[in-house]
Every structure is written in structure tokens, then in C-alpha cells.
Amino acid sequence: MTVRTRFAPSPTGYLHIGGARTALFCWLFARHHKGTFVLRIEDTDEVRSTHESVDAILESMAWLGLDWDEGPSLTRHDEGWEEKGGHGPYFQMKRGEHYRKHLEQLLAEGKAYRCYCTPEELAAKREQASKEKKPVRYDGRCRDLTDAQRRVFEAEGRKPSVRFRMPQEGSTVVSDEVRGEVSFENNLRQDFVIAKGSGVPTYNFANVIDDHLMEITHVVRGDEHLNNTPEQIHIYQALGFALPKFAHLSMIMGPDGTKLSKRHGATSVLEYRDQGFLPEAMRNYLALLGWSNPESQQLFEAAELVAKFGLEGCQKNPATFDNQKLLWMNSEYVRKLSPETLVDRARPFLEKGRLGGVHRDALAKAVKLEQEKVTLLSELPGRLDFFFHDAVYDPKAMDKVLKVPGAGKVLEELAPALAAVELFAAKPLEDRIRRFCEEKGLKVGQVFHPIRVAVSGRTMGPGLFEMLEVLGKEKVLARLEAARKLI
RNA sequence: GGCGCGUUCGUCUAGCGGCCUAGGACGCUGCCCUCUCAAGGCAGAGAUCAGGGGUUCAAAUCCCCUACGCGCCA
């Protein structure tokens, strides 16, 4: 049996961290088993669903490298998205026919029935029960209506919803790949609505129909659905469908222990992209939120992650999102890139700075000197700007390093010495400058630091000689001069 | 309110009855390296395994209760 998993987001907003983690686990599981990964859009919430949300979700998934075998195409045309795969459509709003058909079947077999209670009536009953401290459940009023009663309700113009007839006794066991067997008492459950008065199917119903028709073998989803699973299981059974395997993933929390939300800062995947995170770092970090392997390995190559991932390593308890570790992981991934690749990957940020026009090779040379310090791609313009534009002198650096006795003299005397260096490269420059120190009887710090600030405007930066080499003789001499005038 | 799930260093986690004086990773502290900032190397602080009862020769690991957190239904 080939594995088929699915990620089924509601397009009511961007793809957030929690959703991305779920998608990643579904994807990893499918890829690990050489199975199929399906993307289904659950757009039955007509009010809140938007095309823009669909776009954002697709874009986020693509950015993270979570490719889907079946589902909508990445880009939208005037008429909507094209779809690929033999189990479509992949938008629930286009699947009404399937829901209707199975709804009819359940109704015909008496496994579901029409309920004529109005929302107002139900709300009143709920309130009543709540006052009397009784369990608030549907009372089954429409469970066994006669035809005559039904006609009366119809005549009143009531739009019936459809309820599923749940067993009243015994218990339902959910066999979960992550949590093991979880048991639920049936008499505590109620006949739940599977189609609203408008005819729109509810989540629990549409989900089951789609998962079955799409031949999903493993339903991997968030923890919040564990409690809905008994209801779903009964729908599967009522329709004679084979049960898929279930795996419920723990939730992701913010630093304060509550469910991760906007209050905690960035939660949208695309925000992380825009902050300068690398998708492979994000993916690696997300994989570690709620999953681990016995070796406690932290960094994984893409293929390695697929090879080692399994539901056994999934955590039952919720995980707190830790931005610091994500940051660390990103810097690890940045360091692994070749300077050229790093330049390419940072392109949007370089453009946004003022380095868009600089040649790739020139950028790569400069990048090479700073790469090991880079945490986010967005830092690059700030770190590299002085290589290609006039230095901006940091007042603190000026006070501390240049506006001190002797610094001006160092710059003045050093200029001709550097001008005389023929091969303007790190090694000869270092030799010359060290010799200069000896000649003048100065400590290296008394010379190195002023040069650094004069040339870059800052106290921190790349190795001095490499930096001078990349800048080139002309710029170096010009800046020594410029800095001297500022003192 | 009912039901369900969860609880190991600040955080992510290893652990599935003896190997645990509880291991790793991020972060933190100190030292080394060094022209700065990083990186790297070394060292260190940090968890009475939520609390309380059992079971057992032996429990972080099994059972029960309590507390707290989260989720679902309403």
C-alpha cells in the first residue's frame, strides 16, 4: 500500500508556523515512504476564505520546499488555479456533489436525520441546561420525527440541518500513531451536525468524505482534531469506508505558554522569509519542534531528514517556539553556502539595500569575509555597504579610535607606505603594516584599529588585511584621507 | 461545566524498570585563539525527572490521586 498524506489548510489567512509544521510532517512522512503528498484547500468558510490566502499558502509551501503531488497549481489564472492529480477537485467548494451524494446515502439508510431546530431554539436549550448545571448536549428532539411532524416543520419554512446518529452506548477507541489508544465514552457524545441548513457540509463530514475519496492512508494533523476523531470514525463506519491511520501532532506554543499567535511576533511563514531566514533552516528547525531522533541530532541535510523522519519520534507534549535556536540554525545554514550562492539567495535584500547594481563576483568577494558572522540574509546590505559606498562613520567608533592622540598621525604616515605597496593583497599588506608598527614603535592595536575605522567607519568587521585587499588601494587611500579630515 | 491530551535543565529534547552521580542541542558564564566582531576549542553553571501515594530487590521509566497547562464540545 502506498502512503498518501494530505495537508488541508483553510484559506482564511496566511500559513502560520503551526500549519507549516503540520504540512512539513505530512510531507516528510509521505516522502519518507515514497508516497504521495496531497494539498487540499478547505474553503467551505465562504465568508473568511480568500484567494489571496490560497496564494499565500501555496507560496509559503513552495518557499519551504514542500512540493505537493496533487492539488492546485502554484499560480493562479483568471479562472482560478489549475489542478493536478487524479482525485480532484482539490477545493472543497467544488466537491459539493460528493458530499451531497453521501449525505443522501446516510439519510436514506437512517444513519443521519434532518433536524429542524433553529439556532435560536438550540441556543435557548443550551442556556437552560447550563443554568441547571446539566451537560449541554443536543437533546435528540428530531431524532425520531414522524413524517407528519416533519411536514409541519417544513410548512413553517424551517431549513433543516442534517445530524449524524451517534451510538448512545459503548466507547470509541481512536488508535493514534503518536498517542496510542485513546478511548471516548459514546454516551457523552451527541448527534452532531454534518450539514448545515444551507447545505454546506461541516468540517467533520467533508473531511471524512475527502480523505476517503482521495485515498488518504495517514491523516496527520494537529492535536486540536483528536477530539473530533470519534465522530469521524463513526462516519467512516456508517459509510463502509476503511479507516485511515491517524496521527495527532502536538501544538506549538508561544514563549508564554499559550498557543502561538500574532501577539508573539511573527507567525506567518512569509514573514520569516522576509526577515531573512533560509527555508532550509526553517524546515530543519520546524522538524525539531515536536520530533527528534534518538541521537538528538540537530542539523539535517534535506535528504537526511526525509530518511530519518518517522512518527515514532513525534512528541506528545506541546513545544514552545524558540526564536533564538532558529536564529542559530539559520546562521549554520548561511555558513554552509558558497559565497556566490549566498549572494544569490540574498538578492532581494541586496536590492532593497543599495547593492542591487553591484556585480555578483565583487559582492561574493566581500561576502566571503563576513559570511561566518551572518545570521539573517537581511544583514548583508548593512555589513557590506562600506565596500561599495562611502563609509558612514559611527560616532562612537570615531571617539574611541580616531579622536585619540596619535591616530591622525598614524593615518597620515601610513598612507604613503600603503600607496607604495605594489601588490595590494592581504599578505603583503599585513607585512607592510606590521613593519610600520615596528618602525614607529607602536603596538599593533594602535595602528590596526584606526585603519579599520578609517576605512569602514566601524570598529567591527572583517579581518583587516583581507578587508583592505577587497576594498583596493584607491578606496583605502581615499578613506584614510577622508577620515583624517574628520578628526 | 463535561471529555480528551500533556507535564525531564530557561527552551527543544534523549530516556521506554537496573547502563542516570539524568545525556545532547540552543541560550548563558569563564578561559584559550585573536587586529575588532564572529567562528572554533576547552571548561562550567543549569532538571531533587510537576506534587503525593503505591507496585518492585530496584522507577524519570508501571499504576492511582492531586495540581497546573493546553485542546475539543457546549
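Residues numbered from 1 in each chain as written. Chains lettered and ligands numbered in written order. Predicted model: local features only at pLDDT ≥ 70, side-chain atom pairs only at ≥ 80, totals over all residues. Heavy atoms only, no water.

Quick look at the side chain of Ser-161
Within the fold, Ser-161 resides in strand β6 (residues 161-164). On the basis of relative accessibility, which here comes to 11%, the residue Ser-161 falls in the buried class. Beyond its immediate chain neighbours, meaning those up to four positions away, Ser-161 contacts Tyr-113, Arg-114, Cys-115, Val-193, Ala-195, Lys-196 and Gly-197. (Helix = DSSP H or I, 4+ residues; strand = E, 2+ residues; numbered from the N terminus. Buried < 20%, exposed > 50% of the residue type's maximum accessible area, 1.4 Å probe, protein only. Contact = heavy atoms within 4.5 Å.)

Focus: the packing of aromatic side chains
On inspection of all chains with the given rule, the structure shows 14 aromatic pairs. Between Tyr-116 and Phe-153 the ring centres are 5.3 Å apart and the planes differ by 20°, which places this aromatic pair in the stacked class. Placement of Tyr-116 in the loop between β5 (112-115) and α4 (119-131) and of Phe-153 in helix α5 (residues 147-155) is noted, with a sequence separation of 37 residues between them. For Tyr-116, a relative accessible area of 1% translates into the label buried. For Phe-153, a relative accessible area of 14% gives the class buried. With 5.9 Å between their ring centres and 65° between their planes, Tyr-272 and Phe-321 make a pair best called edge-to-face. Separated by 49 residues along the polypeptide, Tyr-272 in helix α8 (residues 269-275) and Phe-321 in the loop between β13 (319-320) and α11 (323-336) bring together distant segments of the chain. (Phe/Tyr/Trp six-rings, centres within 6.5 Å; stacked < 30°, edge-to-face > 60°.)

Structural notes on helix α21 (residues 473-486)
Spanning 14 residues, α21 covers 20 Å between terminal C-alpha atoms, matching the ideal 20 Å at 1.5 Å per step. Of the surrounding secondary structure, the elements contacted by the buried residues of α21 are α15 (380-388), α16 (395-402), α17 (407-419), α19 (444-456) and α20 (464-471). (Expected span 1.5 Å × (residues − 1).)

A short note on the pattern of salt bridges
The final tally for this structure, using the stated rule, is 38 salt bridges. Linking Glu-156 and Arg-158 is a salt bridge whose minimum nitrogen-to-oxygen distance equals 2.8 Å. On the accessibility criterion, Arg-158 (17% relative accessible area) is buried. Overlapping salt bridges, with partners in common, bring together Arg-6, Arg-40, Glu-42, Arg-95, Asp-210 and Asp-211 in one network. (Salt bridge = Lys/Arg side-chain N within 4 Å of Asp/Glu carboxyl O.)

Examining the pairing of strand β7 (residues 171-176)
Of the two faces of β7, only the one carrying Thr-172, Val-174 and Asp-176 is buried; Ser-171, Val-173 and Ser-175 on the other face are not. Inspection of the sheet shows β7 paired to strand β8 (residues 180-185) by six bridges, in the antiparallel sense. Among the inter-strand pairings, Ser-175 is bridged to a residue of β8, identified as Glu-181. (Pairing = 2+ DSSP bridges.)

Quick look at the packing of helix α3 (residues 96-108) against helix α6 (residues 203-213)
α6 packs onto α3 with a crossing angle of 110° between their chain directions and a minimal axis gap of 10 Å. As the angle between them shows, α3 and α6 are arranged roughly perpendicular. Only Phe-205, Ala-206, Ile-209, Asp-210 and Leu-213 of α6 make contact with α3, whose side of the interface consists of His-98, Tyr-99, His-102, Leu-103 and Leu-106. Residues of the contact of α3 with α6, tallied by class, amount to seven nonpolar, two polar and one charged. (Axes fitted to C-alpha atoms, helices over the stretch in contact; angles between N-to-C directions. Parallel < 35°, antiparallel > 145°, perpendicular 65-115°, else oblique. Nonpolar A, V, L, I, M, F, W, Y, C, P; charged D, E, K, R; others polar.)

Focus on the sheet that holds β5
The pairing of strands in a sheet happens through backbone hydrogen bonds and is either parallel or antiparallel. Within the open sheet, the three strands sit side by side as β5-β6-β9. Their pairing is antiparallel. Of all strands in the sheet, those bounded by a partner on one side alone are β5 and β9 (193-195). Across the sheet, the mean angle separating the axes of adjacent strands is 45° when strand polarity is ignored. Relative to β6, β5 runs antiparallel, the two sharing four bridges. Note on β6: the bridge partner recorded for Ala-112 is Phe-164. The sheet contacts of α3 involve β5, β6 and β9, and relative to β5 the element is tilted by about 95°.

Examining the nonpolar core
Within the largest apolar cluster, 108 residues are counted, with the highest numbers of intra-cluster contacts made by Met-61, Met-282, Leu-286, Phe-321, Leu-384, Phe-387 and Leu-468. Sort the elements by how many residues they give to this core and helix α1 (residues 17-32) lands first, with ten residues. Among residues more than four places away in sequence, those in contact with Phe-321 are Ile-17, Ile-252, Met-253, Leu-260, Tyr-272, Met-282, Tyr-285, Leu-286, Leu-289 and Leu-326. (Core = buried A, V, L, I, M, F, W, Y, C linked by side-chain atoms within 4.5 Å.)

Section: unusual backbone geometry
You will see that Lys-34, though not glycine, has its phi angle at about 55°, which is positive. Inspection of the secondary structure assignment puts Lys-34 in the loop between α1 and β2 (36-39). Taking the relative accessible area as the measure of exposure, Lys-34 reaches 73% and is therefore exposed. The phi dihedral of Glu-215 is positive, around 55°, even though this residue is not glycine. Judged by relative accessible area, which is 49%, Glu-215 ranks as partly exposed.

Some remarks on the pairing of strand β3 (residues 71-77)
Taken together, the four bridges between β3 and strand β4 (residues 80-84) define a ladder with antiparallel strand orientation. Bridge pairing links His-77 to Gly-80 in β4. Between the antiparallel neighbours β3 and β4 lie two residues.

Brief notes about helix α2 (residues 51-64)
Over its 14 residues, α2 extends 20 Å from the first C-alpha to the last, a length consistent with the 20 Å expected when each residue adds 1.5 Å. Taken residue by residue, α2 has Ser-53, Val-54, Ala-56, Ile-57, Leu-58, Ser-60, Met-61, Trp-63 and Leu-64 as its buried positions.

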